[in-house]
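# Working through the structure, step by step
Each chain is listed here by its residues.
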Amino acid sequence: MKGQWGKLAGYIVGTGAVATAITLLPARIGIDGNGWLPDLISSEGGAIDDLFWGLTIMSLVIFAIVCGIVVYSMVHFRAAPGDLGDGEHIHGNAKMEVAWIVIPSIIVLVIGVLSYVVLQDNEVGLYDKAAAKKPGAAEMVVDVRGFSFGWAFRYETKEGEPLSGDEDAVPSSELVLPVDKVVRFNVLSCSGKEHLGRIQEQVSRELAAGDEADEFAEIEPGICEREWDLTTDEDQKAAEEDATRTYEALMKRQDGKQINDEEQAVLDEQPRFHGDQQFIDVNHAFWVPEARLKIDAISGLRTYVQWEPNHVTGPDDNYQVVCAELCGTGHNGMRTDMCVVDQETFDWWAKLDEEARRDATCTNLRLLTCLGGDVDDRDDAIADVAKLSKEDPDAACDAVKEKI
Amino acid sequence: MTAPVRTETTGMPMRPGAGILGIVGGWVFAAVVLTLFRIWSGGLDWNGSSADWKAALGLTGGDFLLVSLAGAVLGLLLTIAGRDAFRRHGLLRALAMIGVGYAVGAALTMLVRTAFGLVPYSDGPVIVFGIVTAYAFYIAGMGGWQSWFWYAKGDPTPEHEDHSNHGARRGWRDYFIFNTDHKVIGLQYLVAVFFFMLVGGAMAEAVRAELANPELQFFADGSQYNQAMSLHGVIMLFLFIIPVFAGLANYVIPIMLGAPDMAYPRLNALSFWTFVFGGCVFLASIPIGTFEAGWTNYATLSSSGGPAEVGLGQLMWLMGIQLVGASSIMTAINFIVTIVAMRAPGMTMWRMPLFVWGNLTQALLITFGTPFVAGSQFMVLFDLVMGTNFFNSMLGGDPISYQHIFWFYSHPAVYIMILPGFGLITDVITTHARKPAFGYRALAISTIGIGFLGFTVWAHHMFTSGMAPWLRLPMMILTMLIAVPTGIKVLGWTATLWKAKIHMTVPMLWALGFLFTFTCGGLTGVMLAAVPFDIHVQDTYFVVAHFHYVLFGGSVMTVFAGIYHWFPKMTGRMFDPGLGKLHFWLMFIGSNVTFFPMHWLGTLGMPRRIADYQELAANYPSVHGWNAVITIGALMQGLGFVVFLYNMSTSWRRGPLAGNNPWRSHTLEWQVTSPPPLFNFHGTPVVVGAPYDYGLPGAKHALLHGEPGYDEALAEALKRRPAAPAPAAH
Ligand code: HEM
Ligand SMILES: [Cu+2]
Ligand SMILES: [Cu+2]
């Protein structure tokens, strides 16, 4: 009997060894150095990675025990050829079953508590306004707009003042972050055309109501319209006219009057399904895999996530903001570059106007780090780097140092 | 009231009607084909103008001639071919009725619209009502409403057990009529779902062909990729995994219980034919561009015009899911009643085989859960077609509420997809390892426990959705707690193997393979429940790996175990064990090669549902290599499936005779002939002991009518449960 348990332990260790080898395979073959996980550029990610490795080890141990027993049974409890007998008549074992309830319960509760601690540490002041001044809480805000299919970023202080000092500054299409600052991302999915949709809806409701139009209260503008409206006055006028024309053509037909070709064309242009939905966007998800944190961008509903970039990205760190929620035809291409720069560079970058920002892309900002921290005139330097990277898209640090 | 009891097959003679039906059906058929072809080839852009509608009916210019001709020819052919067939309820009449029904529904809708001064034709309403009436007419064509109609009129209807006309063993024709024999329905389900799996599998291979290399090669654009991906998911979940258990359970469970049939045989047939129709609605959307929003069909991707306008395929999904869901609910109610009320004398709850327990719990989950998914899809439908604002944030709708309602069904749905498998695998392991189930009661109770907890964890799919943040803690803890009853099951199976006499038969191979792969999937499930980690990998290939390990490594492995286990019972013949083993190894190795590397891709940052990953591969070169490996694994699985189909179809006809009980099992379905007689038993059996008493000399689970000791056992059993409905003896 003794020998049996020793052998079983051997099987469990063996199964565990094989499983571990297979699981760690990519670290060897993967060549990427990291094995399972991408590079890490956020302070929050460390605890998440630890949690992940802890869970992986736990899973391997449990897998080894369960499957070790299965493998042992497969080898030692095989029926001999022609053996038509039965196995031992064992119905169960109450003690074992109780242990099998108590031990896993304890394990999962421990995992649960640990996970919750990590979650709390990573979200200081994110949902809890009272903790907004504690260390670890956000020091600046980035307004993120996801749309089909791209991203826009607007930079603000904690209090909501635009960092560039200009209310109407054009949002950046790449994500540039200062190092060692906790950033809160206010995430939203907006098409930018919500305003038009509301005007159309309003106009057709009022027209339909006729004399009693007063009874229709103004439809409240939603959060997208208030914060990310991209429509111009001409757009608005066109939308109003469009709604009026459509409504009048509809009425004419309904009354049985002859409609002309122009009106027919208006009606034919009606969308296939109910019209007022074409102005809103769909859900996306804001994710930087190297930061380990993501949150969905919901159509017209604000969501939050925060993290602290803790590495300046060099020329080889081609990290991107990725959309992780299926959003239609262009989903896989809904990516944009992101980079982390030192504080001075960031302060300089944040004040650039749209024109100047064209040179200060993430690709070029990453190359700029080759020159070390002390650049006197960033405007000149970035122009040089931009020229270089235009000539040689694969330019590396050596080239930058040499030429500039 | 002496009207003679009618028999269901004769039906109303339709001799004069057949010709007209044929011509109308032929016309509609030709017009539909023409229109579909136009849409498909891009020659016709549906925007609902009356000109479009005329073109669709083939009423313009040259089309009129073409369609008339085709209609006449087809009508003639159908009339000749169907002279007999149309007179009888059946598939041929039903097919013609689909065309007629659709035309009637569309015409009615357009009439009503005209009356209200709207453009007569509009995609949404016409297609929706067209499908509804087409369905009703199709069931009428099958003869499905007939006896209910008689009953409503007050006419006498045939006894529900009396399906002697329907299960009349006329060979293959039995399978194409509104047959109420549970064994026929079981096989109908199994054949139908494996057909659907073939389609779903082809989609998976297409997806893998695209992803083998970065950039787009196989598909023209992201939209096509999304269609194939969505179709794959929907077919595998709603047209394969859920109904395949309905098929297995239909065949096996009434016999396991000692009953002559299901409690509601007509409802049973209605569920099957409804399911087939719903499935075909999904498939019918392929030529006009299927749904693209994934199987989760999240609003507002599914419900908004959005920048990429929602296509007609979305309507097909919304209607198909209602039909498939309704079928699922009808089947579930049927199983609940059957299991509660149709057990043979002596079959106490604690003597039921675990497959029955799993099925009972699953049926309860379906009845409580499925209305929620139906509701969520109705809301999407109303947003699209009627302009309601359930999910339109611009006018006060809330897109996150979609996810709550959807997952309130769809998390329990993952247990709907696995609980019968959990039960089934216990039957297979005990039989082929010749040992009682370890902790039978614990296994049964943990099934119920999983079912109950399953309703409390839906929001673990929404950790990154931006829902109320406090919900994450309870959802995380409860999700992890599900691992406890699941662990009990794993303990039960492994401990059953201890000191057993394991026979490495083909079903047993699948069961053992299941233990490895399901354990892996369960463990990644616990990992995913840890919120901080899930936030990183949610919507990545890590999740894809997890749910394929539980769905493929869990459910599908049990399905194959069950198919091989009961194949000799269903056909009376033995499959080729060599080919069975080849199938197993191709699939087992293939699936691990496919799904295991997905974990690495996910943690590394590959999102799911993407058509291309060139940027990621540029940054992390191994991504390309692993994707290529995965595609090779997928091809192995495809090969395995072909071996399976070959083995099944040849062994069904030419395999060696298997005998009644080749596995020497104790449960009731093995005590009758293979295949079982029309009403399963000649006289009611009586259950006298536990289902898995292997190793106990002389142990018996049940006695058949006439076996020594039967009378005493029956008297004893009836003392305990006098109300047991004794099935009629035949
Ligand atoms: C040990 C038990 C299980 C646990 C703890 C568990 C946990 C989870 C979690 C937390 C997710 C969410 C991942 C995300 O963030 O998207 C998930 C996803 C999923 N699970 Fe499970 N699961 C278990 C068993 C099962 C079973 C038995 C099935 C089916 C047979 C299943 C099918 C799925 C599917 C299809 C998804 C993907 C949903 C999507 O489209 O996002 N799971 N599971
Ligand atoms: Cu996306
Ligand atoms: Cu779930």
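Preceding this paragraph is the structure being described.
Here's a quick rundown of the structure. One numbering rule holds for all chains: residues counted from 1, following each sequence as written. Chain A is the first chain written and ligand 1 is the first ligand written, with later ones labelled in order. Only residues with pLDDT of 70 or above have their local features reported here, since the model is predicted, and side-chain atom pairs are shown and tallied only from 80 upward, although totals for entire chains, interfaces and linings are computed over all residues. As a rule here, side-chain values cover all heavy atoms of the structure and leave hydrogens and water aside.

### Details of the interface of chain B and chain A
By the convention used here, residues are in contact when the closest approach between their heavy atoms is within 4.5 Å. Listed by partner, the interface residues are 123 residues for chain B and 113 residues for chain A. Accessible surface is computed with a 1.4 Å probe, and the buried area is the amount of it that two parts give up when combined, taken over both parts together. Roughly 10,000 Å² is buried in total at the junction of chain B and chain A, and carbon and sulfur atoms are behind 66% of that figure. Contact with chain A buries area across many residues of chain B, yet B:Met394, B:Trp498 and B:Lys499 alone supply 8% of it, more than any other trio. Salt bridges are identified by distance alone: a Lys or Arg side-chain nitrogen within 4 Å of an Asp or Glu carboxyl oxygen. Taken together, the connections running from chain B to chain A amount to three salt bridges. Two residues, B:Arg434 and A:Asp86, come together in a salt bridge whose shortest N-O distance is 3.0 Å. Distance and chemistry together define a polar contact, namely a pair of N or O atoms within 3.5 Å, with one atom able to donate a hydrogen and the other to accept it when in protein, and with adjacent residues in sequence counting only for side-chain atoms on both sides. Inspection of the chain B/chain A interface yields 27 residue pairs in polar contact (both at pLDDT 80 or more).

### Description of the pattern of salt bridges
Taken as a whole and judged by the stated rule, the model has 16 salt bridges over all chains. Through salt bridges with shared partners, one network takes in A:Asp143, A:Arg154, A:Glu227 and A:Arg302.

### Things to note about the state of the cysteines
Residue and element names in this part refer to chain A. Disulfides are defined in this document as cysteine sulfur pairs within 2.5 Å. Per the counting criterion, the structure on display carries two disulfides over all chains. Cys190 shares a disulfide with Cys224; S-S distance 1.9 Å. Taking the torsion about the S-S bond as the criterion, the Cys190 to Cys224 disulfide, at about -85°, is left-handed. Within this pair, whereas Cys190 is found in the loop between strand E4 (183-189) and helix H4 (194-209), its partner Cys224 is found in helix H5 (residues 223-228), the two being separated by 34 residues in sequence. Both residues of the pair, Cys190 and Cys224, belong to the buried class. The partner cysteine of Cys339 in its disulfide is Cys362, sulfur to sulfur 2.3 Å. Across the S-S bond linking Cys339 and Cys362, the dihedral sits near -75°, which makes this disulfide left-handed. Taken together, the residues span a long stretch of sequence, with Cys339 in strand E9 (residues 335-341) and Cys362 in helix H10 (residues 362-368) at a distance of 23 residues. By relative accessible area, Cys339 is classed as buried at 0%. Only protein chains enter the accessibility calculation, which uses a 1.4 Å probe. A residue is then buried if its area is under 20% of the maximum for its type, exposed if over 50%, and partly exposed in between. The exposure class assigned to Cys362 is buried, which follows from its relative accessible area of 0%. Helix numbering and strand numbering both begin at the N terminus, where a helix is a DSSP run of H or I of at least 4 residues and a strand a DSSP run of E of at least 2.

### Thoughts on the packing of H4(A) against helix H6 (residues 233-254) of chain A
Residues and elements named next belong to chain A. Interaxial angle, 0 to 180 degrees, is taken between N-to-C directions of lines fitted to C-alpha atoms, where a helix line uses only the stretch in contact. The geometry of H4 relative to H6 is characterised by a closest axis approach of 9 Å and an angle of 35° between their N-to-C directions. Relative to H6, the crossing made by H4 is right-handed. For the pair formed by H4 and H6, the contact residues are His195, Leu196, Ile199, Gln200, Val203, Ser204, Leu207 and Ala208 on the first element and Asp235, Gln236, Ala239, Glu240, Asp242, Ala243, Thr244 and Tyr247 on the second. Residues of the contact of H4 with H6, tallied by class, amount to eight nonpolar, five polar and three charged. A clockwise turn of the near helix away from the far one marks a right-handed crossing, whereas an anticlockwise turn of less than a right angle marks a left-handed crossing. Polar here means any residue other than Ala, Val, Leu, Ile, Met, Phe, Trp, Tyr, Cys and Pro, which are nonpolar, and Asp, Glu, Lys and Arg, which are charged; Gly is therefore polar.

### Let's talk about the coordination of the copper ion (ligand 2)
With water excluded from the atoms, a metal site may look incomplete; its donors are any N, O or S atoms within 2.8 Å, or within 3.2 Å for Na, K and Ca. Taken together, the protein donors to the copper ion (ligand 2) comprise A:Cys323 (SG), A:Glu325 (O), A:Cys327 (SG) and A:His331 (ND1), at separations of 2.1 to 2.6 Å. Note that the copper ion (ligand 2) binds four donor atoms; their angles at the metal cover 87 to 130°, and the shape is tetrahedral. The rule is simple: four donors are tetrahedral if all their angles sit between 85 and 135 degrees, four are square planar and six octahedral if opposite donors span more than 155 degrees and the others lie between 65 and 115, and anything that fits none of that is irregular.

### Describing the environment of B:Tyr564
All names here are of chain B. Counting through the fold element by element, Tyr564 comes out in helix H18 (residues 541-571). Between the C-alpha atom of Tyr564 and that of Met508, which follows or precedes it by 56 residues, the distance is 9.1 Å. Residue contacts for Tyr564: discarding those within four places in its chain leaves Val506, Pro507, Trp510, Phe575, Gly580, His583, Phe644, Asn647, Met648 and Trp663.

### Comments concerning the nonpolar core
The set of buried Ala, Val, Leu, Ile, Met, Phe, Trp, Tyr and Cys residues whose side-chain atoms join them within 4.5 Å is what this entry labels a nonpolar core. Counting 288 residues, the largest nonpolar core has A:Phe185 and B:Phe194 as its most contacted members. No other element matches helix H8 (residues 222-257) of chain B, which puts 24 residues into this core. B:Phe194 has contacts with B:Phe240, B:Val244, B:Val559, B:Phe560, B:Ile563, B:Phe641 and B:Phe644, leaving out every residue within four places of it along the chain.

### A few points about the packing of helix H15 (residues 472-497) of chain B against helix H16 (residues 506-529) of chain B
Residues and elements named next belong to chain B. In the contact formed by H15 and H16, the axes pass within 10 Å of each other and the chain directions differ by 160°. In this view, H15 runs roughly antiparallel relative to H16, as classed from their interaxial angle. The hand of the H15/H16 crossing is left-handed. Of the residues in H16, those in contact with Met476, Thr479, Met480, Ala483, Thr486, Val490, Trp493 and Leu497 of H15 are Met508, Leu512, Phe514, Leu515, Phe518, Thr519, Val526 and Ala529. Between 65 and 115 degrees an angle is taken as roughly perpendicular, under 35 as roughly parallel, over 145 as roughly antiparallel, and anywhere else as oblique.

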